[in-house]
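Remarks on the overall topology
In case you want the letters, here they are:
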Amino acid sequence: MARLVIVSNRVASPKERAAKAGGLAVALREALSERGGLWFGWSGETEVNPPDAPKVFRSGRVTYALLTLDPEDQRAHYAGYANGTLWPLCHYRLGLLTFRRADWEGYRRVNEHFARALLPLLKPDDIVWVHDYHFIPLAAELRKLGFTGRIGYFHHIPWPTPEVYLSLPSHAALVDDLSHYDLVGLQTENDVRALLTYISSEIHGWIAPGGTVGLKDRRFRVAAYPIGIDAEAFVSDAQKSVGKDEERRLNESLAGRMLAVGVDRLDYSKGLPGKFAAFGELLRSYPEHRSKVTMMQVAPLSRSEVAEYQALRRELEELGGAINGEFAEFDWVPLRYLNRPFQRATLAAIYRRALVGVVTPLRDGMNLVAKEYIAAQDPEDPGVLVLSRFAGAADELKGSLLVNPYDIEGMAAAMDRALTMPLEERRQRWRTNMDNVETNTIHHWCQRFIDELTNVTDQFGPPGDQWGNARPQ
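Here is a short report on the structure shown in this document. (Residues numbered from 1 in each chain as written. Predicted model: local features only at pLDDT ≥ 70, side-chain atom pairs only at ≥ 80, totals over all residues. Heavy atoms only, no water.)

1. Remarks on empty space enclosed by the protein
Over the atoms a probe the size of a water molecule is rolled, and this reveals where empty space is left. Enumeration over the complete set of coordinates arrives at one cavity of 30 Å³ or more. Put simply, the largest cavity is a space of about 30 Å³. Per-element accounting of the lining of the largest cavity gives the leading share, four residues, to helix α16 (residues 423-439). Its residues assigned to classes, the lining of the largest cavity comprises three nonpolar, three polar and two charged. (1 Å grid on protein atoms, 1.4 Å probe; cavity = no way out; pocket = protein on both sides within 12 Å on 5 of 7 lines; lining within 4 Å. Points joined across faces, edges and corners; volume = space filled by probe spheres on them. Helix = DSSP H or I, 4+ residues; strand = E, 2+ residues; numbered from the N terminus. Nonpolar A, V, L, I, M, F, W, Y, C, P; charged D, E, K, R; others polar.)

So, in structure tokens, the structure goes:
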């Protein structure tokens, strides 16, 4: 069995508990432990003139290698190009996109630095799995240094349509970087279609059946791998919460009222101002819900040093204050807005108590909160998921009430429908969603990608008849 090498910007410490690390980190660590492997990433630290070699240590069968970055390189790479350019681009927020050549050069410089530091740690038959938009050029840099082994890439956020993607000045160079991977994974078939359309129509690539791409003298495959959650663990956490202190405290505070819940990182892609406005519209247009439902929004702070995120926080505080000021009673506060994270077990208890889950991002690669909410429900008395049609999860969770997050009145109407939905319909919708959550788990996702990357040579074989139906442009 070939050794697995994971590359990601964030590396979960071996001492980090599963409840804090999250499902993805746990699944990756399990895959590494099973095969024996290496987890390579940024240490989270900066230093002027940092050492070229990473800090390496071992825990069980997993070797950890953490690289320190120069402060200016880290700023250009992370805050500059990755999150100032690629993040808004992939989330269709072109008005927030900034492109600076210095950031683009810093982004490439950090990827080159990572490649040079990683290469001495690699073995020829290693399987390298690179995660997310921070490291799109990494395979190209490793190829320049002579590594010929299998390299896969998974893009956790949306891939934009060609019309949007063309707004990026470095669009062709970035997809050329992707072509150095053997396997490129995206969240949904829509994402795959967007990338393949760009390749065939803009840079004259060939598309063969099954998503195999020919570009210049290279071939690689693009496919959808929708990510899941650790469903079994989340169900267990939700069941264990019954009768515990957190559940009792929550129930006492609600005083028998219905609960709607949202859990989102404080980010402009999550559609939080629209969600707040929709809840206010619910109370305004459906007055029968006043004093009978409480909305809880958990929104841990994110990139709080960035001006756009500071402005978003101020906007939400003003909106939340206005809603509570207009509708609150002396014994009821309609909107609870919390800016701190909670442990998975606590979230599971909140999800299970909530009659309505409200997940309404403007654009999301997948959105695992939607799946966590479904997993936490009581099968005998499940809640209803109100879900943005622009979340990747909408492709899978067909039992949800799908909404347009730009339609405030439509979201309010969906919340009203969820709050008044008969039990039998709630059960049917939940079962439809739960079947998907239980089938497509984080472990299934992880194993499927690794298996297909492992067999990439046998699967593609030498160029031949499969190119007979390819589409050149």
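That was the structure; now back to the text.
2. Looking at the pattern of salt bridges
A full pass over the atoms with the stated rule returns 32 salt bridges. Taking the shortest distance from any N to any O, the salt bridge between R429 and E425 comes out at 2.9 Å. In this pair, R429 and E425 both sit in helix α16, four residues apart, roughly one turn of the helix. A salt bridge links E438 to R431; the nearest nitrogen and oxygen atoms lie 2.8 Å apart. We classify E438 as partly exposed; its relative accessible area is 44%. For R431, a relative accessible area of 34% gives the class partly exposed. Each of the salt bridges in this network shares a partner with another, and the network as a whole consists of E72, R75, R100 and D103. (Salt bridge = Lys/Arg side-chain N within 4 Å of Asp/Glu carboxyl O. Buried < 20%, exposed > 50% of the residue type's maximum accessible area, 1.4 Å probe, protein only.)

3. Section: the pairing of strand β15 (residues 384-388)
Each regular strand displays side chains that alternate between the two surfaces of the sheet. Of all the five residues making up β15, five are buried; the element is thus mostly covered by neighbouring parts of the structure. Here β15 shows two buried faces, one formed by V384, V386 and S388 and the other by L385 and L387. Pairing of strand β14 (residues 356-359) with β15, which is carried by four bridges, proceeds in the parallel orientation. When the bridges of β15 are listed, V356 appears paired with V384. Assessed by its sense of winding, the connection that carries the chain from β14 through helix α14 (residues 368-375) to β15 is right-handed. Sheet topology note: the β15/strand β16 (residues 401-403) ladder contains three bridges and is parallel. Looking across to β16, one finds that L387 is bridged to L402. (Pairing = 2+ DSSP bridges. Right-handed = clockwise from strand over helix to strand, strands pointing away.)

4. Examining the sheet that holds strand β13 (residues 335-338)
One key point about sheets: their strands pair by backbone hydrogen bonds, in either a parallel or an antiparallel sense. Taken in spatial order, the six strands of this open sheet run β13-β12-β11-β14-β15-β16, and their pairing is parallel. Of all the strands in the sheet, the pair left with one neighbour each is β13 and β16. Adjacent strand axes in the sheet meet at a mean angle of 20° when their direction is disregarded. In the sheet, strand β11 (residues 258-263) pairs with strand β12 (residues 293-298) via six bridges, with the strands oriented parallel. Along β12, the bridge assignment pairs A260 with M295. Against the sheet, helix α11 (residues 272-285) makes contact with β11, β12, β13 and β14, and its axis sits at roughly 175° relative to β12, the strand it touches most. Contacting β11, β12, β14, β15 and β16, helix α15 (residues 408-420) runs over the sheet at an angle of about 170° to β16. (Axes fitted to C-alpha atoms, helices over the stretch in contact; angles between N-to-C directions. Contact = heavy atoms within 4.5 Å.)

5. Comments concerning the environment of R340
With respect to the helices and strands, the residue R340 is situated in the loop between β13 and α13 (344-353). A sequence separation of 74 residues divides R340 from L266, and the C-alpha atoms of the two residues are 9.9 Å apart. When near neighbours in sequence (up to four residues on either side) are disregarded, R340 contacts V298, A299 and P300.

6. Observations regarding helix α3 (residues 71-90)
When the local axis directions of α3 are compared, the greatest deviation, roughly 40°, occurs at A82. Buried residues dominate α3, accounting for 15 of its 20 residues. Where α3 begins, the capping side chain belongs to D70, and its oxygen is found 2.9 Å from the backbone nitrogen of E72. Once α3 finishes, Y92 follows within two positions and takes phi at roughly 65°, a positive value. (Bend = angle between axes of the 7 residues up to and from the residue. Polar contact = N/O pair within 3.5 Å; in protein donor to acceptor, adjacent residues only side chain to side chain.)

7. Some words on the pairing of β14
Residues V356 and V358 line one face of β14 and the alternating positions G357 and V359 line the opposite face, and both faces are buried. Where β11 and β14 come together, two bridges link them in parallel fashion. Within the sheet, the bridge partner assigned to V261 lies in β14 and is G357.

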